[in-house]
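Listed below are the residues making up each chain.
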Amino acid sequence: MIQAILFYGFSALLLGSSAMVIFSERPVKSALFLVFAFLNASALWLLQYAEFLGLALIFVYVGAVMTLFLFVVMMLNVDRLPSGLSLPNRLALAFFVLIVIGYLAGVYQLTHPGSVLNIQNLIHEPTGSNTKALGALIYSKYVIPVELTALVLLVAMISAIVLVFRGRHPHSKAQKVSVQVAANKANRLKIIKG
Amino acid sequence: MMSEIYTSLAGLVCFSPLIGALIAGFFAKRIGAFGAQFMTILCVAIAFASALVLFNYMYIEETRVFNYSLYTWIAMPGITFEVGFWLDRLSVGMMLVVTAVSLLVHIYSMGYMKGDPGIQRFFAYVSFFTFAMLMLVGGNNLLQVFFGWEGVGVASYLLIGFWFHKDSAANGAFKAFVVNRVGDFGFLLAMGLFVTYVGSLNFSDIFHRIPDLAAVSLGGMPLIDWICMLLFIGAMGKSAQMPLHIWLPESMEGPTPISALIHAATMVTAGVYLLVRLSPLFEFSPMIRSWILVIGATGGLILGMIAIVNHDIKRVVAYSTLSQLGYMMAAVGASAYGLAMFHLITHAFFKALLFLAAGAVIVAAHHEQDMRKFGGLIHSIPLVGVVFAIGSMSLMAVPLFSGFYSKDAIIAAIGATSLPGAHYAYYCLLMGVMVTSIYSVRAFYLTFLGQPRSNIHIHELSNTIKWPLIILAIPSMGLGYVLAPMAGNLHWFGEAIFYTHQSVTDLAGINGHLNHPGSMAMDAINSAPFILMLLSSFATYWIYRYSWAEKISKIFAPIQCLLENKWYFDWLVEQLLVPFVWIFSRAFNRVGDQLLIDQLMVMGPAKLLESFSLRIKAHISGHLYHYAILMLLGTAVLISKVVMI
Amino acid sequence: MFEVGLLHYMALSGLLFVMGLIGIVLARKNLIALLMCVELVLLSVNTLFISIGHAWGDLTGQVMVLFILAVAAAETGIGLAIFVLIYRASDQVDLEKLDLLKG
C-alpha cells in the first residue's frame, strides 16, 4: 500500500518535471527540472531495491553531468527560446501519443497473452546488500566490459578537452611543466670567472 | 606418411613459382631488379629440386599413381570441383621438364633482359607462366587443367605483348589470345559433356566411366567421338595445329626467352600433354585419332615448308616448332603416346636451345633478326654457332642426337599403325624430315657461315646467356640416347597411358628398336629418313655455298609465293572470318555493351537515383529533429515487424 | 490497482520515453534542450532495465544500467563540447538555424 502511494507520487512528480523539462522556455529552468526528474527517478529505483544505482544516479548525474549542463548553459548565454508548439497543441499531441501507445499496448496484451511483459507479481525481494551483489557481478563476470567502459570515459574526457581547448593563452603566467622538467644546468647556471 | 610427402612436394613444385611471381610482381619497387630475379630463380629452383625428388619416387622407387585432392573449391549438389594433384610418371616427368626449362630460361633472361625497365614485371610473368603450366600438368581434374590452360594463355598474352608499346607485339599478343580462345571453346564444351554425362571432372571418375561413354550415342556419333573431337579442338588451339596455328609465328614478337618457354615447355606442349593425359579416351575413338594423325602430319609437312622462305631467325625456329608439333600430334594419333611424350621432352630441350641460341645471336647483333644481314657469325660467336648446330642436328634427327630417337620412332610408329590415313601421314612426315633439314641447314648457313653480309658490331654475351646454352646442349645431344630404352617400353609412363590391344600389336615392332639405341643409330644409316635428311642437307648446303638460291627460287616462284604468304591461312582468316566477326562484334558492342550494359545497367540506376534525389532534395530541411523523426519511424517499422510476428 | 507490478513501471518508462521523444522531435528549441531530452529517454530505458531486472530477480539489468550511465555520461560530455564548438563557430545553438544539411 505504502509502496503504491510512493510509486504513484514519485511517478507523477517524475512525469511532471520531465514535462517541464520539455516545455519550459528557459534552459536553466529545464536543467533544474531535469535534476528534479533524476531525483524522482532515483527514488523510484530505490523502491525497486536498486540502492547503489539510485544513489549513483544522484551522485554522478546530478552531481557531475547536470552541473556540466548548467555550466554550459550559462557559458553559452542562451536565455529564452521560443518553443515550436503552442501549449494546447502540445497537450493535444501528448494525448494523441498516449492513445496510440495505449492502443498498441492493448493490442499486444490481447494478442500475446502469455508474454513475459505480463509478469505482474514476480517481484523478488533481494537477500543481501545490493552494492555488494552488484560489485561481485561486475568484477567477475563483467570485468572486461567494465574496464572497457572506463576506457570509453577516458576517451570521452580526452576528446572533450581536445575539442574545446584552444591552446595556451600567449601571455599566460601559468607554469610550463615540460620546460621546467627539461631544464638542465646550462639554462640555470652561469659560471662567472673572477 | 608417403602421401604427405607427395602432397607437400607437389605443392612445392606448383606453388613456389607462384610465390616467386607474387613477390616479384607486388614488391617490384622494394626488392629491385636483382631481388626479383633472385627470388623468382630461387623459387623455380626449389620447384625444380622438388620435381627431381618426386621424379626419384616415381621412376626409381616405382610408385604408383597418387591422386590427392587438396582443397574443395566449389561444392554443389551433384558435382564438386576440387583442387588436387594427380601424380604419376607422366605428370611428374612433365613437371621435371617444365621446371628444368623454366629454370634455365629464368637464368638466361637475366642476361637477355638486362637493362629493360620492366624487368621485375617480366620475371613475375615468367614465373606465373610456369606456375600455370604446373597447375595444368599436376591437376587431378579437368577444371584445374582448364585453370592452368587459361593461366598459360593469359601469361602468354602478357609476355608476347611484353613490349606493348610496339604495335606488332600488342597485335601478336592479341592474335595469340583470340586464336587460343577458339580452341578453349572446344575444351569448355568437352568439359560440359563430361559434367553432363559423367557428373564429375575428376580424372579418376572420367577414366572409370569410359566404357559407358563409349556406349552412348549423340546425334548419330558416339559420345566419346564428340568429346575427343572437342578436346582435340582445344589442343589444336594451344598446340598450334592447323588451322589454329596462326598465332604461333606472331608470338615471336615477345622477348626471345619467352619464345623458348612457349615453344619448349609451358604452352604448346600443353595440348599434346592433354591428349596424352586423356589417352584412355582417345584409345576408344579411332576415328578422331585418324583425324589427329592426318592433321598433325599435314601440319608437320606444310608448316615446316614456310620456314624455308622466311628470313627472320626466330620465325624459322617457330615454324620448325609447328612442324615438330605436327609430329607429336601424329604420334598421338597413332596411339604412340609414349613416343609423343618422348619427342615432346627431347624437343623441349633442343628447341629451348635453338631459341636461346637464336636469342643470343639477336643480342649479339643488337636486336637484329633478319638472317639476310647475318653471315659468318661463327667466327665472332663460336659458342653460339656450335650450340645452334647441335640443336639443329637434333632437330634434323641426325643419328645419336636426341631428336633422332624420338622422331625416327614416331615415323616408324606411324608407318606401323593401321588407322585410315596412316599412309598419307607417313609420307607427309618423311617429306617433313627433308623440309626440316632444308630450313635448318639454311638457317645455320645464312647465320653462321659464308661471308658477313652487313656490318654488325658484335655485342659481348654475358655468362648468364652462355651457361644455359651449354647446359641445354647436353640434353639436346644425349637425352635421346638415355631415354630411348625407357621409351622403348610401352609402359614407361606406368599406368598413366592406356593402350588398346590393337595399338599394342601395332607398336610392338618399334619398341624393340628403341631398346638398343646404339644399334638403332647404326640401322638408321640405310633407312629412308636418314637418307632423305642427308641428301637434302647437302643439297641445301651446296645451293647456298654456290649462291644458287636466287635461281632456284625463280624456278619455283609460284610455290615460293605460296610459302611466303604462309599458305594464305592468315589471308583466308582475314578475308572470310574477320569481317563477320567485325560485324557481329560491332552489333554486340552497340546493343549489348553500350545500350544494355552502359546505358541501362550501369548508368540506369545512377540516373534513377540522381533524379529521385533531385526530387526529394527540396524536401530535406537539414534540421536535426526531422532526421530524428525519420530515424524513429524507421525503428518503429523495424520493431513492429519483429514484435508482430 | 494498489499492487504495483512490472507493468506499472513499464508504463511509466514508456511515458517517459515518449516524453523524451516529444522533446526531441517537436519542442524545437536548442541543442542543449535536445540533449536533456536524450537524457530523459536514457532515464526511461534505465528505469525499464531496473524494473525488469527486479521482476526477474536478476542483477544483470542493473549492470546494464551501470554501463548505460557511463556511456551516457561520456556522450553528454562530448556532446556539450561539440555544442561549445558550434556556439563558437556560429554564435547560437538554435536548432532552427542549424540547417547546413539542407538540400
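Since we're looking at a predicted model, the values are computed, not measured. (Residues numbered from 1 in each chain as written. Chains lettered and ligands numbered in written order. Predicted model: local features only at pLDDT ≥ 70, side-chain atom pairs only at ≥ 80, totals over all residues. Heavy atoms only, no water.)

1. A short note on the overall build of chain C
What counts here: Labels follow the DSSP assignment, with helices taken as runs of H or I lasting at least four residues and strands as runs of E lasting at least two, numbered in each case from the N terminus. Each residue is assigned to one of three classes by its accessible area relative to the maximum for its type, calculated with a 1.4 Å probe on protein chains only: buried under 20%, partly exposed between the two thresholds, exposed over 50%. For this analysis, residues touch if any pair of their heavy atoms sits within 4.5 Å. Method for areas: the Shrake-Rupley scheme with a 1.4 Å probe, in which residue coverage is limited to the protein chains shown.
A tally of helices and strands in chain C yields 3 helices and 0 strands. Going from the N terminus to the C terminus, chain C shows its helices and strands as α-α-α. Across the 103 residues of chain C, 61% fall into the buried class. Partitioning the contacts of chain C with sequence separation of at least 6, the portion at a separation of at least 24 is 61%. Total accessible area on chain C is roughly 3800 Å²; 72% of this is exposed by carbon and sulfur atoms.

2. Observations concerning the overall build of chain A
Summing up its helical and strand segments, chain A has 8 helices and 0 strands in all. Secondary structure elements in chain A, listed N-terminal to C-terminal, are α-α-α-α-α-α-α-α. With 194 residues in all, chain A has 29% of them scored as buried. Of the contacts formed within chain A by residues at least 6 apart in sequence, a portion of 56% connects residues at least 24 apart. Total accessible area computed for chain A in this model is approximately 12800 Å², and 71% of it derives from carbon and sulfur atoms.

3. A word on the interface of chain B and chain C
Test applied: Put simply, buried area is how much 1.4 Å-probe accessible surface two parts lose in total, over both of them, once they are put together. Salt bridges, as used here, are contacts in which a Lys or Arg side-chain nitrogen is within 4 Å of a carboxyl oxygen on Asp or Glu. Identification of polar contacts relies on pairs of N or O atoms within 3.5 Å, with a donor-acceptor requirement for protein atoms, meaning one able to donate a hydrogen and the other able to accept it, and with residues adjacent in sequence counted only if both atoms are side-chain atoms. By the convention adopted, Pro, Cys, Tyr, Trp, Phe, Met, Ile, Leu, Val and Ala count as nonpolar, Lys, Arg, Asp and Glu as charged, and the other residues, Gly among them, as polar.
Across the boundary between the two partners, chain B contributes 12 residues, which contact 13 residues of chain C. At the boundary of chain B with chain C, total buried surface from both sides reaches about 1100 Å², with 69% on carbon and sulfur atoms. Taken together, chain B and chain C are joined by 0 salt bridges. Here chain B is connected to chain C by 0 residue pairs in polar contact (both at pLDDT 80 or more). Per-element accounting of the side of chain B that touches chain C gives the leading share, 7 residues, to helix α27 (residues 624-643) of chain B. Considering only residue class, the side of chain B that touches chain C consists of 7 nonpolar, 4 polar and 1 charged.

4. Re the side chain of Gln324(B)
Residue and element names in this part refer to chain B. Considering the arrangement of structural elements, one finds Gln324 in helix α15 (residues 313-333). Under the relative-accessibility criterion, Gln324 is labelled buried at 0%. In contact with Gln324, not counting residues within four places along its chain, are His343, His347, Lys351, Leu395, Lys407, Thr436 and Tyr439.

5. Looking at the packing of α15(B) against helix α19 (residues 422-448) of chain B
If you want to describe how two helices pack, look at the angle between their axes and the distance between the axes. Residues and elements named next belong to chain B. To keep it simple, the criterion reads: Between N-to-C directions, angles cover 0 to 180 degrees, with each direction set by a line fitted to C-alpha atoms, over the stretch in contact for helices. Angle categories are assigned with fixed cut-offs, so that under 35 degrees is roughly parallel, over 145 is roughly antiparallel, 65 to 115 is roughly perpendicular, and the rest are oblique. Take the far helix as your reference; a near helix turned counterclockwise from it by less than a right angle gives a left-handed crossing, and one turned clockwise gives a right-handed crossing.
With their axes 11 Å apart at the nearest point, α15 and α19 run at an angle of 160 degrees to one another. Between α15 and α19, the angle is such that the two are roughly antiparallel. Relative to α19, α15 is oriented so that their crossing is left-handed. In this structure, α15 uses Ile313, Val316, Ser320, Ser323, Gln324, Tyr327 and Ala330 to contact α19, whose residues at the interface are Leu429, Gly432, Val433, Thr436, Tyr439, Arg442, Ala443 and Thr447.

6. A closer look at helix α9 (residues 223-238) of chain B
Residues and elements named next belong to chain B. Filter applied, for reference: A helix is expected to reach a length of 1.5 Å times the quantity of its residues less one.
Between its first and last C-alpha, α9 extends 23 Å over 16 residues, near the 22 Å set by a 1.5 Å rise per residue. Along α9, 13 of the 16 residues are buried, which leaves the element largely enclosed by surrounding structure. Ala240, located one to two residues past α9, shows a positive phi value of around 55 degrees.

7. A few points about a nonpolar patch on the surface
Operational definition: A patch consists of residues whose relative accessible area exceeds 30% and which take part in no salt bridge; residues with like charges are grouped when within 9 Å of each other, and nonpolar side chains (Val, Leu, Ile, Met, Phe, Trp, Tyr) when within 5 Å.
Together, Ile144(A), Leu148(A), Leu151(A), Leu154(A), Val155(A), Met157(A), Ile158(A), Ile161(A), Val162(A) and Phe165(A) make up a nonpolar patch on the protein surface, roughly 1000 Å² of accessible area in all. Turning to its location among the elements, Ile161(A) is positioned in helix α6 (residues 143-164).

8. Remarks on the interface of chain A and chain C
Contact residues are listed per partner, giving 75 residues for chain A and 64 residues for chain C. Summed over both sides, the interface between chain A and chain C buries roughly 6500 Å², with carbon and sulfur atoms accounting for 79% of that surface. At the boundary of chain A and chain C, one finds 0 salt bridges. Along the contact surface separating chain A from chain C lie 8 residue pairs in polar contact (both at pLDDT 80 or more). When contributions to the side of chain A that touches chain C are tallied by element, the ones reaching two or more residues are α1 (2-23), α2 (27-47), α3 (51-76), α4 (87-111), α5 (130-138) and α6 of chain A. Ranked by the residues each element gives to the side of chain A that touches chain C, the list is headed by α1(A), at 12 residues. Considering only residue class, the side of chain A that touches chain C consists of 59 nonpolar, 15 polar and 1 charged.

9. Re the nonpolar core
Basically, it comes down to this: The criterion is simple. A nonpolar core is a set of buried Ala, Val, Leu, Ile, Met, Phe, Trp, Tyr and Cys residues joined through side-chain atoms within 4.5 Å.
Among the nonpolar cores identified, the biggest contains 214 residues, and Leu87(B), Val101(B), Leu142(B), Phe194(B), Leu231(B), Leu281(B) and Phe282(B) are the most heavily contacted of them. No other element matches the 22 residues that helix α16 (residues 337-364) of chain B contributes to this core. Among residues more than four places away in sequence, those in contact with Phe194(B) are Leu142(B), Gly199(B), Ser200(B), Leu201(B), Ile206(B), Leu213(B), Ile227(B), Leu231(B) and Leu281(B). Membership of the second largest hydrophobic core comes to 67 residues, among which are Leu47(A), Tyr625(B), Met36(C) and Val65(C).

10. Comments concerning unusual backbone geometry
The step from Met242(B) to Pro243(B) runs through a cis peptide bond, and the omega angle for that step is -5 degrees. Assignment of secondary structure puts Pro243(B) in the loop between α9 and α10 (247-250). The phi dihedral of Tyr49(A) falls on the positive side, at around 65 degrees, and the residue is not glycine. A positive phi angle, close to 65 degrees, is found at Ala397(B), a residue other than glycine.

11. Notes on the pattern of salt bridges
All names here are of chain B. Tallied over the entire structure, the rule returns 8 salt bridges over all chains. Of the charged contacts, one joins Arg277 and Asp88 as a salt bridge, the two residues approaching to 2.4 Å between their closest N and O atoms. You can see Arg277 sitting in helix α12 (residues 268-277) and its partner Asp88 sitting in the loop between β2 (79-87) and α3 (89-112), a full 189 residues away along the chain. Summarising the burial analysis for this pair, Arg277 and Asp88 share the class buried. Notably, a salt bridge pairs Lys175 with Glu250, separated by 3.5 Å at the nearest N-O pair. Pair noted here: Lys175 is in helix α6 (residues 167-197) and Glu250 is in helix α10, with a separation of 75 residues, a long-range link. Residue Glu250 is classed as buried on the basis of its relative accessible area, which comes to 15%. The network of salt bridges with shared partners includes Lys166, Glu253, Asp312 and Arg315.

12. Details of the confidence of the model for chain C
To be explicit about the condition: Note: pLDDT gives the predictor's confidence per residue, expressed from 0 to 100.
Per-chain confidence: chain C averages 85 in pLDDT, with 93% of residues scoring 70 or above. Both scores are given for the predicted complex: the pTM is 0.68, the ipTM 0.91.

13. Observations regarding the side chain of Glu250(B)
A polar contact is formed between the side chain of Glu250(B) and the side chain of Lys175(B), at a distance of 3.5 Å. Once you skip the residues sitting within four places of it in the chain, Glu250(B) turns out to touch Ile160(B), Gly172(B), Lys175(B), Arg315(B), Lys566(B) and Asp570(B).

14. Observations concerning helix α14 (residues 286-309) of chain B
Residues spaced three or four apart along an α-helix point in a common direction, a consequence of the helix completing one turn every 3.6 residues. Across its 24 residues, α14(B) extends 36 Å between first and last C-alpha, which sits within 8% of the 34 Å expected from 1.5 Å per residue. Among the 24 residues in α14(B), 19 count as buried, and that is most of the element.

15. Quick word on the packing of aromatic side chains
For clarity, the threshold we go by: Stacked, tilted and edge-to-face are the three classes applied to pairs of Phe, Tyr and Trp rings, where Trp contributes its six-membered ring and a pair requires centres within 6.5 Å; stacked means planes under 30 degrees apart, edge-to-face means over 60, and tilted covers the rest.
Inspection of the entire model under this criterion finds 34 aromatic pairs over all chains. For the ring pair Phe7(A) and Tyr8(A), a centre distance of 5.3 Å and an interplane angle of 70 degrees mean the geometry is edge-to-face. Judged by relative accessible area, Tyr8(A) falls into the partly exposed class, the value being 29%. With a centroid separation of 5.4 Å and 75 degrees between ring planes, the pair formed by Tyr426(B) and Tyr427(B) is classed as edge-to-face. Here the aromatic residues Phe15(B), Phe85(B), Phe128(B), Phe131(B) and Phe147(B) are joined through ring pairs into a cluster of three or more.

16. A look at the environment of Gly16(A)
Along the polypeptide, Gly16(A) turns up in helix α1. Sequence-wise, Gly16(A) and Phe33(A) are 17 residues apart; in three dimensions their C-alpha atoms are separated by 9.1 Å.

17. Quick look at the pairing of β2(B)
Residue and element names in this part refer to chain B. Here is the rule we go by: Strand pairing requires that DSSP identify at least two bridges connecting the strands.
Counted residue by residue, β2 has 8 buried out of 9 residues, so it is predominantly covered. Of the pairings in the sheet, the one linking strand β1 (residues 66-76) to β2 comprises 9 bridges and is antiparallel in character. The partner of Ile74 across the bridge, within β2, is Phe81. Taking the residues between adjacent antiparallel strands as the criterion, β1 and β2 are bridged by 2 residues, where Gly78 takes a positive phi near 95 degrees.

18. Here we look at the environment of Ser503(B)
All names here are of chain B. Summarising the element assignment, Ser503 is placed in helix α21 (residues 501-514). Residue class for Ser503 comes out buried when judged on its relative accessible area of 4%. Placed 167 residues apart in sequence, Ser503 and Ala336 show a C-alpha to C-alpha distance of 8.0 Å. Apart from the residues lying within four places of it in its own chain, the contact partners of Ser503 are Glu283, Arg289 and Ser335.

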